[in-house]
Amino acid sequence: MGLPRSPTFEANGLPRNDRKAMIIEINILNKQVTLLLKDKKNIVDSLDFPEERQMSEKLLPAIDGMLKKNKLVPREIEKMTVQSDLGDNFTTFRLAKTVADAWNYGNSLRITN
């Protein structure tokens, strides 16, 4: 038997597993895409880019960059939501909704030990 693993500590001094679950909100309003990283009460980080029919090229790298910038791993994101002023038949909305639905579905399959 090996020694017990020591917890990984963050810059704020809390063990990683004591961090609050985070939410990513994808807002598509007025031809602007905004990613919001939120804890239960506050906006922790945000990222904006124009909606120029390049959502498929920009969304996943933007989410990945936001996670890295905030030293988070995907399992620390509890859920992803989408808010939009576009109709359901716009590709930009459908791409964002598909990413959020896939993320949330993946979270529902997570097995906790």
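Residues numbered from 1 in each chain as written. Predicted model: local features only at pLDDT ≥ 70, side-chain atom pairs only at ≥ 80, totals over all residues. Heavy atoms only, no water.

A. Spatial organisation of the overall build of the chain. The helix and strand inventory of the chain stands at 2 helices and 4 strands. Going residue by residue from the N terminus, the α and β elements of the chain occur as β-β-β-α-β-α. For the chain, with 113 residues in total, the buried portion stands at 33%. Sequence-distant contacts, at least 24 apart, represent 49% of the contacts inside the chain between residues at least 6 apart. (Helix = DSSP H or I, 4+ residues; strand = E, 2+ residues; numbered from the N terminus. Buried < 20%, exposed > 50% of the residue type's maximum accessible area, 1.4 Å probe, protein only. Contact = heavy atoms within 4.5 Å.)

B. Looking closely at the nonpolar core. Of all hydrophobic cores here, the largest spans 23 residues; its most connected members are Ile24, Ile26, Leu59, Ile63, Ile77 and Met80. For this core, the elements supplying multiple residues, two or more each, are strand S1 (22-29), strand S2 (32-38), helix H1 (55-69), strand S4 (77-84) and helix H2 (91-109). The biggest single contributor to this core is H1, with 6 residues. Ignoring any residue separated from it by four or fewer positions in sequence, one finds Ile63 in contact with Ile24, Leu35, Met80, Val99 and Trp103. (Core = buried A, V, L, I, M, F, W, Y, C linked by side-chain atoms within 4.5 Å.)

C. Structural detail: H1. The end-to-end C-alpha distance of H1, which contains 15 residues, comes to 20 Å, matching closely the 21 Å that a straight helix rising 1.5 Å per residue would cover. All of the buried residues in H1 are Met55, Leu59, Ala62, Ile63, Met66 and Leu67. Angular distribution of buried residues about the axis of H1 spans 130 degrees; they occupy a single face of the element. Facing away from the buried side of H1, by more than 90 degrees, are the exposed residues Glu57, Leu60, Pro61, Lys68 and Lys69. Of the surrounding secondary structure, the elements contacted by the buried residues of H1 are S1, S2, strand S3 (43-50), S4 and H2. Taken from the residues just after H1, Lys71 is the one with a positive phi, measuring 55 degrees. (Expected span 1.5 Å × (residues − 1). Arc of directions from axis to C-beta.)

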